[in-house]
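Below, each chain spelled out in residue letters.
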Amino acid sequence: MESKNEIILHGIPASPGIVIGKAYVFAKQAPRVEEKSIAENEVTLELERLQHAIDRSERELQKVLQLTEQKVGSQKAKIFEAQIMILADAVLFGTIRKKVQKDLKSAEYVVHREISRYQQMMMNSSDEYMRERAHDVEDVKNRVIRNIQQEKLISRFEPNSIVISEILTPADTVLFSRNEVLAYATDMGGVTSHAALLARSLKIPSVVGLKNITKLIQIDDIIIVDGYTGNVIINPTEETINRCNERKAEHEQFDSGLKELRELTAQTTDGKEIRLCCNIEFSEEARNVHEQGSSGVGLYRTEGLFLRTENYPSEEEQYIEYRAVVEKSNPFKAVMRTLDIGGDKVVSSYQSEENPFLGWRGIRLLLDRPDVFMTQLKAMLRASAHGEIWIMLPMISGIKEIRQSKELLEKAKKELRDKNIPFDENIKIGAMIEVPSAAVLAGEIAQEVDFLSIGTNDLIQYLLAVDRGNEVVSSLYQEFHPAVIKTIRYIILEAHRAGKPVSMCGEMAGDPVALLLLLGLGLDEFSMSPHVLPEIKKIIRSVSFAEASEIARRVLEMKTEDDAKDFLRVNLHTMVPELLLE
Ligand code: PEP
Ligand code: MG
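If you're wondering where the values come from, they're calculated on a predicted model, not measured in any experiment.

Participant: Explain the side chain of S384 residue by residue, including any values.
Facilitator: Its location among the elements puts S384 in the loop between α14 (370-383) and β12 (389-393). Overall, the relative accessible area of 6% leaves S384 in the buried class. With near-sequence residues (within four places) excluded, S384 lies in contact with I389, F423, D424 and I427.

Participant: An account of the site of ligand 1 is requested, with residue identities and associated values reported.
Facilitator: Not every one of the 17 residues close to ligand 1 is listed here, only the nearest: R301, R337, G455, N457 and R468. At a separation of 2.7 Å, an oxygen atom of ligand 1 approaches a polar side-chain atom of R301. Separating an oxygen atom of ligand 1 from a side-chain N or O atom of D458 is a distance of 2.9 Å. If ligand 1 stood free it would expose 290 Å²; the protein chains cover 100% of that surface. Secondary structure elements with two or more residues in the shell around ligand 1: α7 (194-201), β10 (297-301) and α18 (456-464). Considering every element that reaches the shell around ligand 1, the biggest residue donor is α18, with 3 residues. The residue inventory of the shell around ligand 1, partitioned by class, reads 4 nonpolar, 5 polar and 8 charged.

Participant: Go over the pairing of strand β11 (residues 334-337), please, and point to the residues and values.
Facilitator: Burial along β11 is two-sided: the face carrying A334 and M336 and the face carrying V335 and R337 are both buried. Bridge count between β11 and β12: 4 bridges; the pairing is parallel. Considered in β12, the bridge of A334 is made with I389.

Participant: Requested: an account of helix α15 (residues 399-418), with residues and values cited.
Facilitator: Between the first and last C-alpha of α15 there are 29 Å, a value that for 20 residues agrees with the 28 Å anticipated at 1.5 Å per step. Restricting attention to buried positions, one finds in α15 the residues I399, E401, I402, S405, L408, L409, A412, K413 and L416. Buried-residue contacts for α15 involve α13 (363-368), α14, β12, β13 (428-433) and α17 (442-448). N420 sits one or two residues past α15 and shows a positive phi near 60 degrees.

Participant: So what about the sheet that holds strand β6 (residues 206-208)? Which residues, and what values?
Facilitator: The 8 strands lie next to each other as β1-β8-β7-β3-β4-β5-β6-β2, forming an open sheet whose pairing is mixed. Both outer strands of the open sheet, β1 (7-10) and β2 (12-15), are each paired with one neighbouring strand and no more. For this sheet, the mean inter-axis angle between neighbouring strands, taken without regard to orientation, is 30 degrees.

Participant: Before we move on, could you go through the packing of aromatic side chains and cite the residues and values that matter?
Facilitator: Overall, the coordinates contain 4 aromatic pairs when judged by the stated rule. Where F26 meets F176, the ring centres are 4.7 Å apart and the plane angle is 85 degrees; that geometry is what we call edge-to-face. On the criterion of sequence distance, the pair formed by F26 in strand β3 (residues 18-26) and F176 in helix α6 (residues 170-177) is long-range, its members being 150 residues apart. A relative accessible area of 2% means that F26 is categorised as buried.

Participant: An account of the sheet that holds strand β14 (residues 451-454) is needed here, citing residue identities and associated values.
Facilitator: In space, the 8 strands of this closed barrel follow the order β9-β10-β11-β12-β13-β14-β15-β16, with parallel pairing throughout. Within this sheet the neighbouring strands show an average axis-to-axis angle of 25 degrees, counted without direction.

Participant: Talk me through the coordination of the magnesium ion (ligand 2); I want residue IDs and the actual numbers.
Facilitator: Reference geometry at the metal: tetrahedral coordination by four donors gives ideal angles of 109.5 degrees; octahedral coordination by six donors gives 90 or 180 degrees. Around the magnesium ion (ligand 2), the protein contributes the donor atoms E434 (OE) and D458 (OD), which lie 2.0 to 2.1 Å from the metal centre. With E434 in the loop between β13 and α16 (436-440) and D458 in helix α18, this residue pair connects regions lying 24 residues apart in the sequence.

Participant: Describe the pattern of salt bridges, naming the residues involved and giving the relevant values.
Facilitator: Under the defined criterion, the tally for this structure stands at 34 salt bridges. We note a salt bridge from E448 to R403, for which the minimum N-O separation is 2.8 Å. Here R403 lies in helix α15 and E448 lies in helix α17, a separation of 45 residues in the sequence. Taking the relative accessible area as the measure of exposure, E448 reaches 18% and is therefore buried. Here R553 ties to E550 by a salt bridge, and the two come within 2.8 Å at their closest N and O atoms. Remark: E550 and R553 occur in helix α22 (residues 545-556); sequence separation between them is 3 residues, near one turn of the helix. For R553, a relative accessible area of 41% gives the class partly exposed. If you follow the salt bridges from partner to partner, you end up with K99, K102, D103, R113, E114 and R117 in one network.

Participant: Go over empty space enclosed by the protein, please, and point to the residues and values.
Facilitator: A full pass over the atoms with the stated rule returns 4 cavities of 30 Å³ or more. One number sums up the size of the largest cavity: a volume of about 110 Å³. Forming the walls of the largest cavity are 13 residues, and the residues nearest its centre are R200, S201, E285, S529 and P530. In terms of residues, the lining of the largest cavity owes the most to one element, α7, which gives 3 residues. Taken together, the residues of the lining of the largest cavity sort by class into 2 nonpolar, 5 polar and 6 charged.

Participant: An account of the nonpolar core is requested, with residue identities and associated values reported.
Facilitator: One broad rule of soluble globular proteins: the nonpolar side chains tend to lie buried together. Counting residues in each nonpolar core, the largest one holds 109 residues, and the members touching the most others are I445 and L452. The contact partners of I445, leaving out residues within four places of it in the chain, are I396, I399, I402, A431, I433, A438 and L452. With 28 residues, the next largest nonpolar core counts F93, V100, A107 and M122 among its residues.

Participant: Just give me the short version of the packing of helix α20 (residues 512-521) against helix α23 (residues 561-575), but keep the residues and values in it.
Facilitator: Viewed as axis vectors pointing N to C, α20 and α23 meet at an angle of 95 degrees, and their least axial separation amounts to 8 Å. Relative to α23, the element α20 lies roughly perpendicular. Listed contacts from α23 to P512, V513, L516 and L517 of α20 are K565, L568, R569, N571, L572 and M575.

Participant: Which residues make up the environment of R497, and what values do they have?
Facilitator: Mapped onto the secondary structure, R497 falls in helix α19 (residues 482-497). The class of R497 is exposed, set by a relative accessible area of 67%. A sequence separation of 235 residues divides R497 from R262, and the C-alpha atoms of the two residues are 33 Å apart. Side chain to side chain, R497 and E494 meet in a polar contact 3.1 Å long.

Basis of the calculations
- Per chain, the residues get numbers from 1 upward, laid out in the order the sequence is written.
- Each chain is given a letter, starting from A, and each ligand a number, starting from 1, according to the order in which they appear as written.
- Selection of residues for local features in this predicted model requires a pLDDT of at least 70, selection of side-chain atom pairs for listing and counting requires 80 or more, and totals for whole chains, interfaces and linings are taken over all residues.
- As a rule here, side-chain values come from all non-hydrogen atoms in the structure, and water together with hydrogens is ignored.
- The helix and strand labels rest on DSSP assignments: H or I over at least four residues marks a helix, E over at least two residues marks a strand, and numbering proceeds from the N terminus.
- Three exposure classes are used, based on accessible area relative to the maximum for each residue type with a 1.4 Å probe and protein chains only: buried under 20%, partly exposed in between, and exposed over 50%.
- Only heavy atoms matter for contacts: two residues are in contact if any of them lie within 4.5 Å across the pair.
- The nearness test applies per residue and asks whether one of its heavy atoms lies within 4 Å of the molecule or strand.
- Polar contacts, as counted here, are pairs of nitrogen or oxygen atoms within 3.5 Å of one another; within protein the pair requires one atom able to donate a hydrogen and one able to accept it, and residues that are adjacent in sequence qualify only if both atoms are side-chain atoms.
- The protein chains shown are the only cover counted for residues, whose accessible areas, like all others here, come from Shrake-Rupley with a 1.4 Å probe.
- Three residue categories are used. Nonpolar comprises Ala, Val, Leu, Ile, Met, Phe, Trp, Tyr, Cys and Pro, charged comprises Asp, Glu, Lys and Arg, and polar comprises the others, including Gly.
- Should DSSP find at least two bridges between two strands, the strands are regarded as paired.
- A helix is expected to span 1.5 Å multiplied by its residue count minus one.
- Note on geometry: axes are lines fitted to C-alpha atoms, helical ones only across the stretch in contact, with angles between N-to-C directions running from 0 to 180 degrees.
- Centres within 6.5 Å make a pair out of two Phe, Tyr or Trp rings, where for Trp the six-membered ring is used; the pair is then stacked when the planes are under 30 degrees apart, edge-to-face when over 60, and tilted otherwise.
- Only nitrogen, oxygen and sulfur atoms qualify as donors, and only when within 2.8 Å of the metal (3.2 Å in the case of Na, K and Ca); with water excluded, sites may look incomplete.
- Criterion for a salt bridge: a side-chain nitrogen of Lys or Arg within 4 Å of a carboxyl oxygen of Asp or Glu.
- The distinction between a cavity and a pocket rests on a 1 Å grid over the protein atoms alone: a 1.4 Å probe fits inside a cavity but cannot get out, while a pocket stays open yet meets protein on both sides within 12 Å along at least five of seven lines, and a residue with an atom within 4 Å of a point counts as lining.
- Grid points are joined across faces, edges and corners, and a volume is the space filled by probe spheres set on the points.
- Residues grouped as a nonpolar core are buried Ala, Val, Leu, Ile, Met, Phe, Trp, Tyr and Cys residues, joined through side-chain atoms within 4.5 Å.
- Roughly parallel refers to an angle under 35 degrees, roughly antiparallel to one over 145, roughly perpendicular to one between 65 and 115, and oblique to any angle outside these ranges.

Keep in mind these values describe shape, not function.
This is how it looks when you write it as structure tokens:
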């Protein structure tokens, strides 16, 4: 190996596993176009890319058009109608195709040159309307170019590389996984960003928040990504590689020792039984329910399905997925969350918002788009004829949203009943508690629904005003902040007072360090990434509920996150010394 200097970077571990491989730098830039010639035998591929990009741009614009009509009325949406018409301009795109063929230039260059010419003509017009339309032409140009470049980036990427990027969106994370990516390492991002959660589901080791890895790395550099510690090592020495391989073997050995727990229950030494469930993003992952020895699916994030398809999936497509999930989790229940698109889970074509996490997200979008909501509810209801499904509502901030959702659920049931389509008449409906206002109203909300589930990923970010995906403030994103702990305690108490079960499906539920606290606070169910479930089960089987309750009582008195965390770590280590705590 040539002797380049070894560089060690520290980031935030986002998805576990240790891998070594070649780096592929994924540069996502604003469209920049250079004049580039192509060979004659590349023309067909170039024209195909152009066509895909035009089709994709059209689908994106149709979606934007629909959403804009919905939100601000058809008058404002006219801009997008005009843009779609430009895309359908046979003369303009016919000329572009011919020029690619004749001039042997890249599609993005010809799109840039020809549309800019057209744009210039409009700008020079004496008609003000024409001059204004020139901006639409520019938007269309940039959209098509961006889509051509995206196609090229993806197809240039070699399988089995480590993708390095400033940031990855959830859509990029899924897209790259098709090329057997080995790992992800990014400058930005936080541990509970949706791209990180998806990487965990896809079992792709990842480190985020590395700040400047894209500046330090060169294409084809060899790197190690350690998704346990958050270390990324560029150009590792032989010695470093050996050490990493040893650590990898240690983890593998520890994990294989956990396999024997599969058939055992998650019961404390003094007999309290806890339900451990899996969080999944894709229907295939439901096999983990049995493989990991869990008690069902505690959170199925249905957005994965929506990210993989260009348009909203039909009722039938959704029904097939939901049925697959519940059939795999039988005889246990599957908690399915209605669409929580928005925040950082934005489909690329959506309107951008200044503050997406405080914007049109989750239940807000669904109640504004009853057509989308009803389609999903009907698909879930139909799937409930094949196993136990509980429906869960995301981003609830008050009672009114629950009542409106329940009305729509009744309407969906009636439609199915009228058509004699079977479903579970007693299907349970629950609310996520992830917005502080919902936490304050936990007792009232619990009376309206069958169950609560605490979404700590969002609850922490909203309670502490810390963006969950921003590495700059990641040290302030504190699971063990006294306000977080007191809020969790309050939600659990209020749910129990109303006689309703309460689960946690945020990442905190799968954090070994949080376990003694949550157990002691009386949480009924923990739902987590399947890979951590056996370890959590091991801890539960090694401790007593009485001890955990005492530990929780002590933690509630602590004034800072550091005190709480240190105390929990020390106790955990004493009780289960064989754990590999990083
Ligand atoms: C949460 O907020 O904790 C949660 C489980 O939902 P998501 O991570 O999908 O926002
Ligand atoms: Mg959430």
